[in-house]
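Results of the structural survey
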Amino acid sequence: MSGRRNTNALFLLLLLALPLLFALNLSVGSVDISITDLFLVLKGEATKSSHELIFFQSRLPKAFTALICGASLSVSGLLMQSLFRNPLAGPYILGISSGAGLGVALVVMGATIFGIGLSASFTIPLAAVLGALLILFILFLVSLRLKDVMTLLILGIMLGSIATAIVGIIQYFTTDFQLKSFLIWTLGSLEGLSYAELKLLAAINGLALIAAFLLNKPLNAFLLGEDYAKSMGIVVKSSRLFIILISGILAGLITAYCGPIGFVGIIVPHLCRLLFKSSNHRILIPAAVLMGAELLLLSDVLAQLPGNGVKLPINSVSSIIGIPIILWIIFKKRSISKSF
Amino acid sequence: MTKEILNISSLDLSYEGSSEKVLQNVNLSLNKGEVLLILGENGSGKSTLIRAISGLLPYQKGNIQFYNKEISTWSKQDLARRMALVLTEKNISGMLGVEEFVAFGRYPFTNWLGKLRQEDLQAVEKSIDSCGIQHLRHKKIDQLSDGEKQKVFLARALAQSCECLILDEPTTHLDVKNTVSQLKLIQSLSKEQGKSIIFSSHQFDLALQVADHLALVVDGKVHLLKPQDFYDDCKYQEMLLGEAYRFDVKTNRFSLKLFS
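Calculation notes
Residues numbered from 1 in each chain as written. Chains lettered and ligands numbered in written order. Predicted model: local features only at pLDDT ≥ 70, side-chain atom pairs only at ≥ 80, totals over all residues. Helix = DSSP H or I, 4+ residues; strand = E, 2+ residues; numbered from the N terminus. Buried ≥ 20, exposed ≤ 12 C-beta atoms within 10 Å, placed from the backbone. Contact = placed C-beta atoms within 7 Å. Axes fitted to C-alpha atoms, helices over the stretch in contact; angles between N-to-C directions. Parallel < 35°, antiparallel > 145°, perpendicular 65-115°, else oblique. Left-handed = near helix turned anticlockwise from the far one by under 90°. Nonpolar A, V, L, I, M, F, W, Y, C, P; charged D, E, K, R; others polar. Pairing = 2+ DSSP bridges. Core = buried A, V, L, I, M, F, W, Y, C linked by C-beta atoms within 7 Å. pLDDT = per-residue confidence, 0-100. Expected span 1.5 Å × (residues − 1).

1. Some thoughts on the overall build of chain B
A tally of helices and strands in chain B yields 9 helices and 12 strands. Seen through its principal axes, chain B has C-alpha atoms that stretch 60 × 40 × 40 Å. The proportion of buried residues among the 260 residues of chain B is 42%. Across chain B, the fraction of contacts at a sequence separation of at least 24, relative to all contacts at a separation of at least 6, is 64%.

Written out as structure tokens, the structure is:
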């Protein structure tokens, strides 16, 4: 079957591209480290000690963050698009990032207003996780009672808007300095994660990605609509809860550590469908893991392009790369709904 | 020996989230290997009845016993191994290959990863053959015409290897030739493979020829008849066809009575 051969060839291509982009990402930065230098560092024979320091303290954790972040957001977005049968859905459609934003806003800017100040390094991720969990918890309670998945979508969007509105009020009353540090969080960053944080992120999101793959049957069944899903033996309510939970964990934790990195989660699922010409989640989930990681590694490389140590915000770069790709697809295919 | 697989007694049905009754006091039963045809006007409640029988629509009053067990108490997976469904809605999101789509019919039997075993592949192959869609197998669902979709959806349901098939309007969008082949398939599935089939259709004259029983859905009531009763009794014809279309015993066909 030629279709299957194509699929395998594409997977091979994506698998080969991953280490290449990873290495490229490691070598680019304010100090150029050539690929041969990279090997020397790995062998413990670095010619300059500064290379070793930059490599292990900054480049390597950042590259791993990009990898996990891209994979997680793409799969999270894919789950939302399939659950809601909506090509515009993404990891943040249910207000997860707005909830996280509210948590962070309270911690970063709340000090001036409420007179509380928490400034340990773990408080921002913790506040973001709590904010995301709050939204997830409300959605969970509601989805137990709801029959209709569309109502849930609207509710998620409204919850997100409320959180954003509260953030707006906090922003209005805060100081310039704190406002800027909050805005920097909203731009997203792949930097600054310690190895301990990375391990935690990799462990939890790794498990969530495996869980997402195990949901491939209900996800495929949802493509036919919930009635058919039921008639095929899928327990719709609990599958829906699992999908929301997994998608929420993936997006929530990433938002906590890296800020809201928006576009990857919407665009990568579409790229995978177009590339593999399939909507089967057995193919799409591993494809989204690989392509998501690669797109974010590439975005991060491009974010360093201005040189002289100037770095563009990753959130803006991923959108600037993503939008032309989406436009190209739309013009080529005339309609994105065809591929969806 | 006949084996009863479905028994509905004093069932009242309303649309989901509404208290207005669509159908009242429905009583019907179906044996193994029999075909039940549901006829009725648009909006008469055929699809509502079909959704209730499939366990998709909750009901307040009455019983639907499937294999002597109330339909609402079946686990989804067990039910999916006994009953397969084709609804009128055939919008699916995304790009799926026909073969891949038919293989979704094996979901009640496969593991978490949906891995197809030898027997699953055989079942898929067999249903593609029975539905005559070999020429479509490498196409994508969104490239199919409405009529082709109809057959592909039936193939997916057949791949579920169920003893009971429920088909909501399986002949809509089909031309006469394909309608006939679809009905022949329904007949052979019931008579040769012993499947029990419930289906609705608007091509009543063709569909009646493969039915063992007829459920006529009119004004919130379900009249259970033999197909022959429909030809013999003008009362039933008027219920379904209105005043101007009748079975003419002399010519042995349905004909229009425009100016009488």
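2. A look at the packing of helix α5 (residues 123-145) of chain A against helix α6 (residues 149-173) of chain A
All names here are of chain A. The geometry of α5 relative to α6 is characterised by a closest axis approach of 11 Å and an angle of 150° between their N-to-C directions. The orientation of α5 with respect to α6, classified from their angle, is roughly antiparallel. Every pair of crossing elements has a handedness; the one defined by α5 and α6 is right-handed. Side by side, α5 and α6 meet where Ile135, Ile138, Leu139, Val142 and Ser143 of the first sit next to Leu152, Leu155, Gly156, Leu159 and Ala163 of the second. A breakdown of the residues in the contact of α5 with α6 according to their chemical character gives 8 nonpolar, 2 polar and no charged.

3. Section: the interface of chain B and chain A
Counting residues at the interface gives 23 residues for chain B, matched by 27 residues for chain A. Ranked by residue count, the leading element in the side of chain B that touches chain A is helix α2 (residues 76-82) of chain B, at 3 residues. Here the residues of the side of chain B that touches chain A sort into 13 nonpolar, 6 polar and 4 charged.

4. Overview of the sheet that holds strand β7 (residues 164-167) of chain B
All names here are of chain B. Ordered by their spatial adjacency, 6 strands build an open sheet running β6-β7-β8-β3-β9-β10, and the pairing between neighbours is mixed. Each having just a single partner strand, β6 (83-86) and β10 (221-225) make up the two edges of the open sheet. Strand-to-strand, the axes of this sheet are offset by a mean angle of 15°, without reference to chain direction. Inspection of the sheet shows strand β9 (residues 213-218) paired to β10 by 5 bridges, in the antiparallel sense. From the neighbouring strand, Leu214 faces β10, where its bridge partner is Leu225. Where helix α6 (residues 176-191) meets the sheet, it contacts β3 (35-40), β7 and β8 (196-200), and its direction lies at approximately 155° from that of β8. Sitting on the sheet, helix α9 (residues 234-241) touches β3, β9 and β10, and the angle it makes with β9 is about 55°.

5. As for the nonpolar core
Counting residues in hydrophobic clusters, the biggest one holds 167 residues, and the most contacted among them are Val75, Val104 and Ala288 of chain A together with Ile38 of chain B. Looking at this core element by element, the count peaks at 14 residues for helix α3 (residues 49-84) of chain A. Residue contacts for Val104 of chain A: discarding those within four places in its chain leaves Ile124, Ala127, Ala128, Phe182 and Trp185 of chain A.

6. Quick look at the sheet that holds strand β2 (residues 21-31) of chain B
Residue and element names in this part refer to chain B. With antiparallel pairing, 4 strands are arranged side by side in an open sheet as β2-β1-β4-β5. Of all the strands in the sheet, just β2 and β5 (69-70) have a single pairing partner and so form its edges. Across 5 bridges, strand β1 (residues 4-14) lies against strand β4 (residues 61-66) in antiparallel orientation. Following the sheet pairing, Asn7 is matched in β4 by Gln65. The strands that helix α1 (residues 46-53) touches are β1, β2 and β4; relative to β2, the one it contacts most, it runs at about 55°.

7. So, the confidence of the model for chain B
Within chain B, residue pLDDT values average 93, and 99% of them lie at 70 or more. For this predicted complex, the interface confidence score (ipTM) comes to 0.92, while the overall pTM stands at 0.90.

8. Let's talk about helix α11 (residues 236-258) of chain A
Since one α-helical turn is 3.6 residues long, residues separated by three or four positions face the same way. Taking 1.5 Å as the rise per residue, α11 of chain A with 23 residues should run 33 Å; its terminal C-alpha atoms sit 33 Å apart, in good agreement. Residue Gly259 of chain A follows α11 of chain A closely and has a positive phi angle near 85°.

9. Let's talk about the pairing of β3 of chain B
Residue and element names in this part refer to chain B. Burial within β3 is extensive, with 6 of its 6 residues counted as buried. A two-sided burial pattern is seen for β3, the buried positions comprising Val35, Leu37 and Leu39 on one face and Leu36, Ile38 and Gly40 on the other. Across 4 bridges, β3 lies against β8 in parallel orientation. Bridge pairing in β8 places Leu36 opposite Ile198.

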